[in-house]
Amino acid sequence: MPLIALTGGIASGKSTIARRLTEHGAVVVDADAIVRDVQRAGSPVLEAIRAAFGPAVITADGELDRAALASIVFADSEARTTLNEIVHPAVRAESQRRFDEALGQERRRVVVYDVPLLVEARVDDPWDAIVVAHAPAPVRRERLQHLRGMTAEEADRRIAAQVPDDERLAIADVVIDTAGDLDETLRQVDALWDRLTAEATG
């Protein structure tokens, strides 16, 4: 059963790839969804975030104020490190639980871990393959501005807060170039799926 890590910089088209793999039948475990789950109101992770960053990052109804927290951690690398030290262990434990659950359902199922911070947190895990969604930084900056409404400065801060592209590309077993049109991206994903399923049944 292949266990695949799918990573890429912000606005690299990683979610498009994950959706296509889901359509083919892969089980996609979404690291961002796990982060939201472990940071839910009343969780130990959220209480640790409150202790580290203060009540200003908690909404009136006890939920995490993600925008307030983002404004802190994307402007301060030490704050970002503190947040990662709080969140990553809980995400690792929950993601492993979900991998094990998927493994128990069907031995030949392809499981994909959709994880933005692979280089920062999980690169040494025993993946069968690492897939990197890649588009040059200027393309991603434009996407962030036009699709997410960020200013150029906000987009640049988000991109700069992640590892450089060459560090992600250095660990890739497969690179999917997402700088072109959607059809070209999907063609590459379909080819990847054919390869994964051939290896799983071979």
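For the protein chain, the name recorded in an unreviewed UniProt entry is Dephospho-CoA kinase, with Microbacterium paludicola as its organism. Looking at the Pathway (unreviewed entry) heading of the UniProt record, one finds this comment for the protein chain: "Cofactor biosynthesis; coenzyme A biosynthesis; CoA from (R)-pantothenate: step 5/5."

**Q** Looking at this model, I keep getting lost on the nonpolar core. Mind explaining?
**A** The tendency in soluble globular proteins is for nonpolar side chains to be buried side by side. Of all hydrophobic cores here, the largest spans 29 residues; its most connected members are Ile49, Phe53, Leu69, Tyr113 and Trp127. Among the elements of the structure, β1 (3-8), α2 (31-38), α3 (44-53), α4 (66-73), α5 (77-105), β3 (111-114) and β4 (129-134) are those that each provide at least two residues to this core. For this core, the leading source of residues is α5, giving seven residues. Ignoring anything within four residues of it in the chain, the contact list for Phe53 reads Leu69, Ile72, Val73, Ala79, Thr82 and Leu83. The next biggest cluster of nonpolar side chains, apart from the first, holds 17 residues, and it includes Ile4, Ala129, Ile176 and Val189.

**Q** What's the story with the pairing of β1 in this structure? I'm lost.
**A** Taken residue by residue, a regular strand's side chains alternate between the two faces of the sheet. When you tally the buried positions in β1, you get six out of six residues, the bulk of the element. Covered by surrounding structure in β1 are Leu3, Ala5 and Thr7 together with Ile4, Leu6 and Gly8, the residues of both alternating faces. Where β1 and β3 come together, four bridges link them in parallel fashion. Paired with Ile4 across the two strands is Val112, which belongs to β3. Pairing of β1 with β4, which is carried by five bridges, proceeds in the parallel orientation. The residue of β4 that forms the bridge with Thr7 is Val132.

**Q** Please explain the sheet that holds β3 as it appears in this structure.
**A** One key point about sheets: their strands pair by backbone hydrogen bonds, in either a parallel or an antiparallel sense. Taken together, the five strands give an open sheet; going across it, the order is β2-β3-β1-β4-β5, and neighbouring strands pair in parallel fashion. The open sheet has two edge strands with one neighbour each: β2 (27-30) and β5 (174-177). Each strand of the sheet is rotated relative to its neighbour by a mean of 25 degrees, with strand direction disregarded. Here β4 runs beside β5; their pairing, made up of four bridges, is parallel. The residue bridging Val132 from the neighbouring strand is Val175, located in β5. Against the sheet, α2 contacts β2 and β3, and its axis sits at roughly 50 degrees relative to β2.

**Q** What exactly am I supposed to notice about the packing of helix α7 (residues 137-148) against helix α8 (residues 152-160) here?
**A** Closest axis-to-axis distance for the α7/α8 pair is 9 Å, and the angle between their directions is 130 degrees. With respect to each other, α7 and α8 are oriented oblique. Crossing handedness for the pair α7 and α8: right-handed. Of α8, the residues touching α7 (which contributes Ala137, Arg140, Arg141, Leu144 and Gln145) are Ala152, Ala155, Asp156 and Ile159.

**Q** Can you walk me through unusual backbone geometry in this structure?
**A** Where the residue is not glycine, phi is negative for most of them; where a peptide bond is considered, it is trans in most cases. Non-glycine residue Ala11 carries a positive phi angle of around 65 degrees. The topology assignment puts Ala11 in the loop between β1 and α1 (14-24). Judged by its relative accessible area of 11%, Ala11 falls in the buried class.

**Q** I tried to follow the packing of α2 against α5 on my own but got confused; where do I start?
**A** One way to put it is that α2 packs onto α5 with a least axis distance of 9 Å and a crossing angle of 115 degrees. Between α2 and α5 lies a crossing of right-handed hand. From α2, Ile34, Val35, Asp37 and Val38 reach across to α5, where they touch Val87, Ala90, Val91, Glu94, Ser95 and Arg98. Across the contact of α2 with α5, the residue classes tally to six nonpolar, one polar and three charged.

Each value, and the rule that gives it
- Residues numbered from 1 in each chain as written.
- Predicted model: local features only at pLDDT ≥ 70, side-chain atom pairs only at ≥ 80, totals over all residues.
- Heavy atoms only, no water.
- UniProt positions renumbered as here; feature names shortened; annotations may be inferred.
- Core = buried A, V, L, I, M, F, W, Y, C linked by side-chain atoms within 4.5 Å.
- Buried < 20%, exposed > 50% of the residue type's maximum accessible area, 1.4 Å probe, protein only.
- Helix = DSSP H or I, 4+ residues; strand = E, 2+ residues; numbered from the N terminus.
- Contact = heavy atoms within 4.5 Å.
- Pairing = 2+ DSSP bridges.
- Axes fitted to C-alpha atoms, helices over the stretch in contact; angles between N-to-C directions.
- Parallel < 35°, antiparallel > 145°, perpendicular 65-115°, else oblique.
- Left-handed = near helix turned anticlockwise from the far one by under 90°.
- Nonpolar A, V, L, I, M, F, W, Y, C, P; charged D, E, K, R; others polar.

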